[in-house]
Structure formats: structure tokens, C-alpha cells
Amino acid sequence: SQQGEEDPQALSIQEGENATMNCSYKTSINNLQWYRQNSGRGLVHLILIRSNEREKHSGRLRVTLDTSKKSSSLLITASRAADTASYFCATIGSSNTGKLIFGQGTTLQVKP
Amino acid sequence: NAGVMQNPRHLVRRRGQEARLRCSPMKGHSHVYWYRQLPEEGLKFMVYLQKENIIDESGMPKERFSAEFPKEGPSILRIQQVVRGDSAAYFCASSPTGTVNEKLFFGSGTQLSVL
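Residues numbered from 1 in each chain as written. Chains lettered and ligands numbered in written order. Predicted model: local features only at pLDDT ≥ 70, side-chain atom pairs only at ≥ 80, totals over all residues. Heavy atoms only, no water.

*Asks:* Provide a residue-level description of the overall build of chain B, including the pertinent values.
*Replies:* Helix and strand content of chain B: zero helices and eleven strands. Ordered by position from the N terminus, the helices and strands of chain B form the series β-β-β-β-β-β-β-β-β-β-β. In terms of overall dimensions, chain B has a C-alpha envelope of 40 × 25 × 25 Å along the principal axes. Classification of the 115 residues of chain B by burial places 44% in the buried group. Once local pairs closer than 6 in sequence are excluded, the contacts in chain B between residues at least 24 apart make up 53%. When the accessible surface of chain B is split by element, carbon and sulfur atoms take 46% of a total near 5800 Å². Once the 16 positive and 11 negative side-chain charges of chain B are each reduced to a mean point, those two points are 7 Å apart. (Helix = DSSP H or I, 4+ residues; strand = E, 2+ residues; numbered from the N terminus. Buried < 20%, exposed > 50% of the residue type's maximum accessible area, 1.4 Å probe, protein only. Contact = heavy atoms within 4.5 Å. Areas by Shrake-Rupley, 256 points an atom, 1.4 Å probe, with all protein chains shown as cover. Lys, Arg positive; Asp, Glu negative; His and termini not counted. Charge placed at Lys NZ, Arg CZ, Asp CG, Glu CD.)

*Asks:* Before we move on, can you summarise the overall build of chain A with the specific residues and values?
*Replies:* Regarding its fold elements, chain A presents zero helices and eleven strands. Along the chain direction, N to C, the helices and strands of chain A fall in the order β-β-β-β-β-β-β-β-β-β-β. Over its C-alpha trace chain A gives a radius of gyration of 13 Å, about what one expects of a compact globule, namely 13 Å for 112 residues. Dimensions of chain A, computed from C-alpha atoms along their principal axes, come out at roughly 40 × 30 × 20 Å. (Rg over C-alpha atoms; globule rule 2.2 N^0.38 Å.)

*Asks:* Kindly report on the packing of aromatic side chains, identifying the contributing residues and their values.
*Replies:* Scanning the entire structure with this criterion turns up seven aromatic pairs over all chains. Measuring from ring centre to ring centre gives 5.4 Å for Phe 102 of chain A and Tyr 35 of chain B, while their planes differ by 90°; the resulting arrangement is edge-to-face. Placement of the pair is Phe 102 of chain A in strand 10 (residues 100–102) and Tyr 35 of chain B in strand 4 (residues 31–37), with the two residues belonging to separate chains. Classification of Phe 102 of chain A as buried rests on a relative accessible area of 1%. Residue class for Tyr 35 of chain B comes out buried when judged on its relative accessible area of 0%. Chaining the aromatic ring pairs together yields one cluster made of Tyr 35 and Phe 102 of chain A together with Tyr 35, Phe 45 and Phe 106 of chain B. (Phe/Tyr/Trp six-rings, centres within 6.5 Å; stacked < 30°, edge-to-face > 60°.)

*Asks:* An account of the pairing of strand 7 (residues 61–66) of chain A is requested, with residue identities and associated values reported.
*Replies:* All names here are of chain A. Across four bridges, strand 6 (residues 55–58) lies against strand 7 in antiparallel orientation. Opposite Glu 55, over in strand 7, you have Thr 64 as the bridge partner. Between the end of strand 6 and the start of strand 7, which pair antiparallel, lie two residues, with Gly 59 showing a positive phi angle near 60°. Here strand 7 pairs with strand 8 (residues 71–76) via six bridges, running antiparallel. Note that in strand 8 the partner of Val 63 across the bridge is Leu 74. Joining the antiparallel neighbours strand 7 and strand 8 is a turn of four residues, in which Lys 70 adopts a positive phi near 55°. (Pairing = 2+ DSSP bridges.)

Put into C-alpha cells, the structure is as follows:
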């Protein structure tokens, strides 16, 4: 079964604006990861945040994790048209393996 | 250093035929994961394999689906007697050791269309 839900399902913004996507999950986790998928392509890893971390940055990406609320957010600052893609959060559960469980994803459209 | 290679990229089958999807993990990776994605949906876990072993097949349908990862050669996802509901994109991912804080590297997927 899917681990959680993402919100919003779709987001449309203008180039230069910030985009925020949220992810909720159900069970305890070891870490949470964000992936990006361009149309018709495989997923590309963006960032990993461990369960004992609260915030992490990578370039224009900022990820937060609130384990008490079982939620995470991905912020993309100063968006570009090339950021148009689907974004998925994924969690490693308590199985102690690398098996990832993905959310439904947020489709982001950045208009030039 | 080639990435995860999946073939074929597109596969068309008629109902009742067999589909064989191949995945070659990244060099040095011995852990392979298969996922299925329906249009406008996220990826659903199917099976996790290590060389010659199935570690977790909790997402595999009980019938018609099987997977293997032999000592030599690619991982194979096999779907027997395909039905229209099997039409989807199938993605393979690999990782070096299968531990919990590793990222997965994904292939470009195989789009299966069942006529």
C-alpha cells in the first residue's frame, strides 16, 4: 500500500516564484527521500533527510521533516521552467531494507 | 559508468501473451527493485531482489508475475498471460548494498501496452 499522500496533487506557478509541496506518511521511518520525474522518464533522487534531522538544503531545494506530525515539505526557490516535473516523496519503513514506498506525487508546472 | 538500463523501452503484447522486462543495474549494484506506475499515479513497489535471491515480493500479484535476478545477467520481470490491466510503466531501480540510507538509481522504464 502507499505510505502517504502528497499535497497539492498539482501546482502551477510562474517562473521565479517558490513552489512548496507537502508529504504525509503513516508509519515510523528511517528516512524520507524526494525524487523528481520528468514526463516519460525514470525517477531522479533529489535529497534524503534522516529521521533525526529537521531541515536540509541542497542548492535551491529545502526539505523539512516533522516526525511528530509525520510530514515533510519540499520547497523549490526561484523556480525555473526546467523544474516542471512530478515530485514524489518516498519513505524507508521499519523493514530495515532499502525498499522505498512512494507517495502519489505532486505535478509541478512552471510557466515561463 | 552506465546507469540502470532497462529494455525494451516500449513493449506491445496481445492479451494472453508473455511479457519479459529486463533490467541491468548500475555497475557494482547487487540490489534491484521493481516498481509499477499507472498513469497519473505514484510508483507501487512490486519486488526487491538481491543476486539470486528474492528478498521481498510483498507487492507482486500472486499469479502470472515472477521476477529473478540471476548470478549472471540482468534481472527479469516476467508477466505471463498478460491482460489489459497490466498496461503500465514498469521501473527498475538499483542500489549498492540495500541498506536504509541509500538512494535508489532508476532506469527509464518499460512502457507495457496490452492490446
